[in-house]
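Fold and geometry: a report
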Amino acid sequence: MPLLQFVPIAFFVASLAASAQASDVGVREIKVPAPKRGADLNVTVWYPAGAGGEPVLIGDNRIFKGAPASKNAPLLDGRYPLVVVSHGSGGRIDAVGWLAADLAAAGFIVAGPNHPGSTSGNSLPAETPKLWQRTEDLSAVIDMLTTSAEWKSAIEADRIGVLGFSLGGAAAMELSGARASLEAYARYCDSYKKWDCAWYAGGRGYADDAPVTVDKIDLRTIDKVRFEQSNRDPRIKAAVLVEPGLAQAYTQESLKTVAIPMKFINLGSKETIPVAVASEPLAALAPQGSYAAIAGADHFSFLPECKDGAAEVLKSVGEVDPICNTTERPRADIHADISKLTLEALQHNLADQ
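In this report, the structure presented in the accompanying data block is examined.

Rules behind the numbers
Residues numbered from 1 in each chain as written. Predicted model: local features only at pLDDT ≥ 70, side-chain atom pairs only at ≥ 80, totals over all residues. Heavy atoms only, no water. Helix = DSSP H or I, 4+ residues; strand = E, 2+ residues; numbered from the N terminus. Rg over C-alpha atoms; globule rule 2.2 N^0.38 Å. Buried < 20%, exposed > 50% of the residue type's maximum accessible area, 1.4 Å probe, protein only. Contact = heavy atoms within 4.5 Å. Areas by Shrake-Rupley, 256 points an atom, 1.4 Å probe, with all protein chains shown as cover. Lys, Arg positive; Asp, Glu negative; His and termini not counted. Charge placed at Lys NZ, Arg CZ, Asp CG, Glu CD. Core = buried A, V, L, I, M, F, W, Y, C linked by side-chain atoms within 4.5 Å. Phe/Tyr/Trp six-rings, centres within 6.5 Å; stacked < 30°, edge-to-face > 60°. Disulfide = S-S within 2.5 Å. Salt bridge = Lys/Arg side-chain N within 4 Å of Asp/Glu carboxyl O. Pairing = 2+ DSSP bridges. Axes fitted to C-alpha atoms, helices over the stretch in contact; angles between N-to-C directions. Right-handed = clockwise from strand over helix to strand, strands pointing away.

**A closer look at the overall build of the protein chain**
- Assigned secondary structure in the protein chain consists of 12 helices and 14 strands.
- Over its C-alpha atoms the protein chain spans a radius of gyration of 19 Å, differing by no more than 12% from the 20 Å that the globule rule assigns to 353 residues.
- Dimensions of the protein chain, computed from the C-alpha atoms along their principal axes, are close to 55 × 45 × 40 Å.
- For the protein chain, the residues scored as buried account for 55% of the 353 residues in total.
- For the protein chain, long-range pairs separated by at least 24 residues make up 77% of all intrachain contacts whose partners lie at least 6 apart in sequence.
- Summing over all exposed atoms, the protein chain offers an accessible surface of approximately 15000 Å²; the carbon and sulfur share of this is 53%.
- Where the 33 positive side-chain charges of the protein chain centre and where its 41 negative ones centre are 4 Å apart.

**Section: the nonpolar core**
- Core analysis: the largest hydrophobic core is formed by 65 residues, its most contacted members being Leu-82, Val-84, Ile-109, Leu-145, Met-173, Leu-246 and Tyr-250.
- Here Tyr-250 is in contact with Ala-170, Met-173, Glu-174, Ala-178, Arg-179, Ala-180, Gly-245, Leu-255 and Leu-282, once residues within four sequence places are set aside.
- In terms of nonpolar packing, the next biggest core, distinct from the first, is built from 46 residues, Ile-63, Ala-69, Ala-106 and Leu-267 among them.

**Remarks on the packing of aromatic side chains**
- Within the structure shown, the criterion is met by 7 aromatic pairs.
- Relative to Trp-151, the ring of Tyr-47 lies with its centre 5.6 Å away and its plane at 70 degrees, an arrangement referred to as edge-to-face. Taken together, the residues span a long stretch of sequence, with Tyr-47 in strand E2 (residues 39-48) and Trp-151 in the loop between helix H4 (131-145) and strand E9 (155-165) at a distance of 104 residues.
- Taking the relative accessible area as the measure of exposure, Trp-151 reaches 0% and is therefore buried.

**As for the state of the cysteines**
- Tallied over the full model, the rule gives 2 disulfides.
- Paired through a disulfide, Cys-306 and Cys-324 show a sulfur-sulfur distance of 2.0 Å. Taking the torsion about the S-S bond as the criterion, the Cys-306 to Cys-324 disulfide, at about -80 degrees, is left-handed. Pair noted here: Cys-306 is in the loop between strand E14 (289-294) and helix H11 (310-316) and Cys-324 is in the loop between H11 and helix H12 (331-350), with a separation of 18 residues, a long-range link. An identical accessibility class is assigned to Cys-306 and Cys-324; each is buried.

**What to know about the pattern of salt bridges**
- Going through the model one piece at a time under the given rule, you end up with 16 salt bridges.
- Arg-37 is paired through a salt bridge with Asp-137; the nearest N and O atoms lie 2.8 Å apart. Taken together, the residues span a long stretch of sequence, with Arg-37 in the loop between strand E1 (25-34) and E2 and Asp-137 in helix H4 at a distance of 100 residues.
- Residue Arg-37 is classed as partly exposed on the basis of its relative accessible area, which comes to 23%.
- Taking the relative accessible area as the measure of exposure, Asp-137 reaches 1% and is therefore buried.
- With its nearest N and O atoms 3.9 Å apart, the salt bridge here joins Glu-156 to Arg-79. Highlighted residues: Glu-156 in strand E9 and Arg-79 in the loop between strand E4 (67-71) and strand E5 (80-86), separated in sequence by 77 residues.
- A cluster of three or more residues bridged by salt bridges with shared partners is formed by Glu-183, Arg-187, Asp-190 and Arg-220.

**Remarks on the sheet that holds E2**
- On the basis of which strands lie adjacent, the open sheet formed by 10 strands has the order E3-E4-E1-E2-E6-E5-E9-E12-E13-E14 and mixed pairing. Each having just a single partner strand, strand E3 (54-58) and E14 make up the two edges of the open sheet. Going from strand to strand, the sheet's axes swing by 30 degrees on average, the running direction of each strand aside.
- Relative to strand E12 (residues 236-242), E9 runs parallel, the two being bridged by 6 bridges. Its bridge partner lying in E12, Leu-163 is registered against Val-240.
- Strands in contact with H4 are E1, E2, E5, strand E6 (109-113), E9 and E12; relative to E1, the strand with the most contacts, it is inclined by about 110 degrees.

**Re the pairing of E14**
- Note: strand E13 (residues 262-267) against E14, 6 bridges, orientation parallel. What sits directly across from Asn-266, in E14, is Ala-293.
- The β-α-β motif built from E13, the intervening helix H10 (residues 280-285) and the parallel element E14 has right-handed crossover chirality.

**Observations regarding the pairing of strand E11 (residues 210-214)**
- Relative to E11, strand E10 (residues 203-207) runs antiparallel, the two sharing 5 bridges. In the strand pairing of E11, Ala-207 is matched with Ala-210.
- The hairpin turn running from E10 into E11, its antiparallel successor, is 2 residues long, and Asp-208 in that turn takes a positive phi close to 55 degrees.

Next up, the structure:
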């Protein structure tokens, strides 16, 4: 494979801060048909870029710092592995821009949708467990990019990976072949009243960018057949799972049959990682599973860097999650660790063998 496809790890680590400059990374916002949704998906694509395009900060807002890229820059000639990305519950794909830009600068095409029903401003507890919808979204993105005249010649269709965070990590696990038990998930929430289980207890959701009151969700009323079905996409050749949700629900039998490399990443130490996303046992069950924990971090460390005063702004609007609270280490340093682990796994598992 040509050198431009993969920046060596040592070089990447030494120049991480410079690797995702706007001049290296292009970004486009596209529509992707999703027949099973009955509507198009809003998808963001990052890619190795040639000169040109409009300098932008993807995901920049009053809370988060944006990631630099060149909007609509020309795609750099070459053929690249594809990584599809699934964001966390209540998040947006542009919030993954800091990591997507690093991957694009290192020679990947990276694409992810905003998942209807569990995206910022459009997030409801009743939609959250419907992982089959998220996996369908990701497969639709692969369908479009590997067949469209604009993208297919630039994509190595036999070198496709998936990256997911939190609920997106659960979707990435399912796309890799893991399957969850609805009863196991319900039993877990019977006794665990934090994190995702607290979300199902009812109270507040979001629709059309406005808060709405929602009733308690009985997980046992979720479509059991759809929840437990296989959502494996055989085109996926490697997975990176950061703080994957539903950690207590996956069946051991399904994990033991996942045939691709799975890199699990937790944020924190063994004593601080919530049971909701604790994934070291999952890595031990997967035949090609590997595991890393990043000390001095927490679940929210995956989100973009916060701007000065962001914590106060969030508090003023009633946000209860510690999205911008300070951890033991600067978020930028934690991001560098996540980028290194992610790139190392994807380069190793999607490179020519």
